[in-house]
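# Analysis of the macromolecular model
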Amino acid sequence: MVKLTQKNKAANNGSKTGERCMKKCVRITLELSEGRDILESQIKRYARNVGVEGIAYHTQGDEYEIIVNGEKENVEKFIDKAHEAVIQAGSEEFLVEPATKEEDFRGVFRVLQ
């Protein structure tokens, strides 16, 4: 039996086998007529609640892009919650594709101007 300390719980996500958790980074493209409000109120909260980092920003028109990075399971939870929010906002445009982490998000999720 392996005794887990706070330090190695963070390193292996509580796994008793010592395996490292899988990381995942995705790019989500979505279309929202009231985008900034939903990004600020709901999607940012979801990111904080599931423990992912990343950025969200406006690209053009009603289109927004979100880059999310974190443990695979947490990223999947975030995608599900964000998709629900977009559907509730009346949009069906929600594209998820793999991405590479090119910048350090410093453990937080930001909504950029």
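Here's a quick rundown of the structure. Since the structure is predicted, the reported quantities are computational estimates derived from the model, not experimental observations.

### A closer look at helix α3 (residues 72–88)
Think of an α-helix as 3.6 residues a turn; residues three or four steps apart then line up on the same face. Counted at 1.5 Å a residue, the expected span for α3 with its 17 residues is 24 Å, and the 25 Å between its end C-alpha atoms agrees. Considered for burial, the residues of α3 that qualify are N74, V75, F78, I79, A82, A85 and V86. Seen along its axis, α3 keeps its buried residues to an arc of 140°; they face one direction. Exposed side chains of α3 directed beyond 90 degrees from the buried face belong to E73 and Q88. Following α3 by one or two positions, G90 has its phi on the positive side, about 90°.

### Considerations on the sheet that holds strand β1 (residues 23–31)
Pairing is mixed in the open sheet, where five strands are placed in the order β4-β1-β3-β2-β5. Of all the strands in the sheet, just β4 (94–98) and β5 (109–111) have a single pairing partner and so form its edges. The sheet shows a mean angle of 20° between the axes of neighbouring strands, direction not considered. Where β1 lies against β4, five bridges are found, and the strand directions are antiparallel. Each residue of the ladder has a partner; that of R27, found in β4, is E97.

### Here we look at unusual backbone geometry
One non-glycine residue, R106, adopts positive backbone phi at about 55°. Structurally, R106 is set in the loop between β4 and β5. Relative accessible area serves as the criterion here: at 66%, R106 is assigned to the exposed category.

### Let's talk about the pairing of β1
Successive side chains on a regular strand alternate, one facing one side of the sheet and the next facing the other. As defined by bridge partners, β1 adjoins strand β3 (residues 63–71) across nine bridges and the pair is classed as antiparallel. Bridge pairing in β3 places T29 opposite E65.

### A short note on the pattern of salt bridges
Evaluated as defined, the whole model comprises four salt bridges. The partner of R27 in a salt bridge is E65, and the shortest N-O contact between them spans 2.9 Å. Of this pair, R27 sits in strand β1 while E65 sits in strand β3, and the two are 38 residues apart along the sequence. We classify R27 as partly exposed; its relative accessible area is 23%. For E65, a relative accessible area of 13% translates into the label buried. Two residues, K77 and E73, come together in a salt bridge whose shortest N-O distance is 3.5 Å. Linking K77 with E73, this pair stays in helix α3, spanning four residues, or about one helical turn.

The rules behind these values
Residues numbered from 1 in each chain as written. Predicted model: local features only at pLDDT ≥ 70, side-chain atom pairs only at ≥ 80, totals over all residues. Heavy atoms only, no water. Helix = DSSP H or I, 4+ residues; strand = E, 2+ residues; numbered from the N terminus. Expected span 1.5 Å × (residues − 1). Buried < 20%, exposed > 50% of the residue type's maximum accessible area, 1.4 Å probe, protein only. Arc of directions from axis to C-beta. Pairing = 2+ DSSP bridges. Axes fitted to C-alpha atoms, helices over the stretch in contact; angles between N-to-C directions. Salt bridge = Lys/Arg side-chain N within 4 Å of Asp/Glu carboxyl O.

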